[in-house]
Amino acid sequence: MAVPFTVSAPAGARIRDRLRLTSGDVEVLRVVGGHLGRHARADLAERVRIGMVPVKSNRRAERKRALTGVSSSRWAGAITRASEDQYQLSVRCLFDERALLRRAISKIGKRLAVPCGQRVGGVRGYPSRTERAQKQCRLQVLTVRLAEVEQRIEAGHPAIVVGGRRLAKTRHNLIDADLTQNEWRECWDAQRLFLTADGESGAPYGNYTITVDPADGTVTVVLPEPLRHLANAPRGRYRLSCPVTFNHRRDEWLDRVTANCSVRYDIVCDPERGRWYLDASWSTPKVVLPTPAELTAIGTRLLAVDLNADHLAACVVDAHGNPVGQPITVTTDLTGPTSQRDGRLRQAITELIRLAKLHGCAGFAIENLGFADARATGRETMGRGKRGKTFRRTVAGMPTARFRERLSGMAFHAGLVVVAVDPAYTSRWGAQYWKQPLQQQSKTTVVTGHHAAAVAIGRRALCYGARRRPGVTAHDQRIVLRRATGQAVPRPRARGNTSPPRTTGAPHKGGKTCWDQSDQLAPFSLSQDRSGRQPASPVSSDPANSGRHR
């Protein structure tokens, strides 16, 4: 089982403001973005042809000199940097795909080795010959895909579609996508624009290529060398007719641009809404967050959260790993377009932050979910038929990575930490050990297994075991001050031919031990027992009760 860890703070910040452009501004940005986009795609193709080589051998300086003549030195640097980042990302995706295919092939191969309807060594064969034949066909398809992936990895040539493979395939299914050919072309051209300018420390306002004046919000763009005739400002620049303000995190942005610290700018087009945006991003200093052991030593509370398909089950856990108050349920509706899903997820996280501050929690405890194995072998391990397909679709639709990223960023800015734990057995142990005690504690709230799993998550984040110790009394009982049976301090066990000392039993003359009705031994004298009363009749005549075995 993996050790719990504190999710690192965001390494950077990104803000956005809308550009209310005129028709002339839109035409100039389309021309500039299309010109730079063509050369960026050509440079990316050249980088793919070079293959997987050390950084010093990727010929970036040579490619940058070739691009400088058709753009500028800074535009060429941004293009070559973006090509390298895209290539490295595609290579990592190839390795991930190979690992997924290997897991799926191994799982299907093990089940095919078992006869139909039988189980050998914990591996179950397929229930029918029809399904077995279908799995044999699927195994062949996966084997071919694996061979292609391994061939691409060996050659170092990943397949990259600038603009997105999904949007490229949509061109052949315009009716299903509810798009016309012109609408699809607008989306395709917008995705292939290149209007990204890297920041530069010491440059005016942190960026020389795309500059934003903090005084009045004026935006100016350096035009490529062949398009300098479109300039309306000195030194080959084009000034947009609309200003920007950056209302969100404006103070941080102002601190950087006034100090001439590097700020990256991206001009983005959204053809569906007909809008243009300017994104500003920069890196932030690394912050050292407290570890789970340090949180336990400090004695802080955590809000444990269990992520589900349609809601978030939460419970406050104190410094000793005990649930406090009523369980909490935050509903989430993660259906619809991506923008709506992201907004609803942010709303749910905002509610969690409000609840954490209300209950005095220092942070959150979540599961480190990824479902990588489930997505690779889900057809073999997550049910069959319509019900299994629905369950796999539900698992695939859970935004585990997005939830972790959004929660860590928003919680950090709210002064809270996020602790991620291993998700193994949290639901099973939570329902087994904590569901009934939670229901006894919560008189007006219906406790589910998800709430109990949240308690197990919170205890694991504080470095406690998920299981509940036996005999621990509840807070609302009259015997709460009495020591619980599972918390008794262990006593040293006696050695020799006598049994260990006990706390109850009948006395025996001469300090010897004797048997009582509960088959326990007690080292009390004959004069009186623990209650001060005389014993009824000693049984010292029996040699079996002398503590010696003959």
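Keep in mind it's a predicted model, so treat the numbers as computed, not measured. (Residues numbered from 1 in each chain as written. Predicted model: local features only at pLDDT ≥ 70, side-chain atom pairs only at ≥ 80, totals over all residues. Heavy atoms only, no water.)

Undergrad: Just give me the short version of the pattern of salt bridges, but keep the residues and values in it.
TA: Here the structure, examined in full by the defined rule, presents 23 salt bridges. The salt bridge involving aspartate 279 is made with arginine 16; its shortest N-O contact spans 2.7 Å. Residue aspartate 279 is located in strand β10 (residues 275-283), and its partner arginine 16 is located in strand β2 (residues 12-19); the two are separated by 263 residues in the primary sequence. Judged by relative accessible area, which is 2%, aspartate 279 ranks as buried. By relative accessible area, which is 44% here, arginine 16 ends up partly exposed. Its salt-bridge partner being aspartate 189, residue arginine 185 comes within 3.9 Å of it at the nearest N-O pair. Taken together, the positions of arginine 185 and aspartate 189, both in helix α7 (residues 181-191) and four residues apart, correspond to about one turn of that helix. Where salt bridges share partners, they join Arg14, Arg16, Arg264, Asp266 and Asp279 into one cluster. (Salt bridge = Lys/Arg side-chain N within 4 Å of Asp/Glu carboxyl O. Helix = DSSP H or I, 4+ residues; strand = E, 2+ residues; numbered from the N terminus. Buried < 20%, exposed > 50% of the residue type's maximum accessible area, 1.4 Å probe, protein only.)

Undergrad: Please provide a residue-by-residue account of the side chain of threonine 218, values included.
TA: Inspection of the secondary structure puts threonine 218 in the loop between β6 (210-212) and β7 (219-222). Separated by 2.9 Å, the side chains of threonine 218 and aspartate 216 make a polar contact. For threonine 218, the contacting residues outside a window of four places in its chain are Thr211, Val212, Asp213 and Arg239. (Polar contact = N/O pair within 3.5 Å; in protein donor to acceptor, adjacent residues only side chain to side chain. Contact = heavy atoms within 4.5 Å.)

Undergrad: Give me the lowdown on the packing of helix α14 (residues 426-433) against helix α16 (residues 449-461), citing residues and values where you can.
TA: Orientation of α14 relative to α16, taken along the N-to-C sense of each, is 110°, at an axis distance of 7 Å. Judged on the interaxial angle alone, α16 and α14 are roughly perpendicular. Contacts from Thr426, Ser427, Trp429, Gly430 and Ala431 of α14 reach α16 at Ala452, Ala453, Ala456, Ile457 and Arg460. Residues belonging to the contact of α14 with α16 are distributed by class as follows: six nonpolar, three polar and one charged. (Axes fitted to C-alpha atoms, helices over the stretch in contact; angles between N-to-C directions. Parallel < 35°, antiparallel > 145°, perpendicular 65-115°, else oblique. Nonpolar A, V, L, I, M, F, W, Y, C, P; charged D, E, K, R; others polar.)

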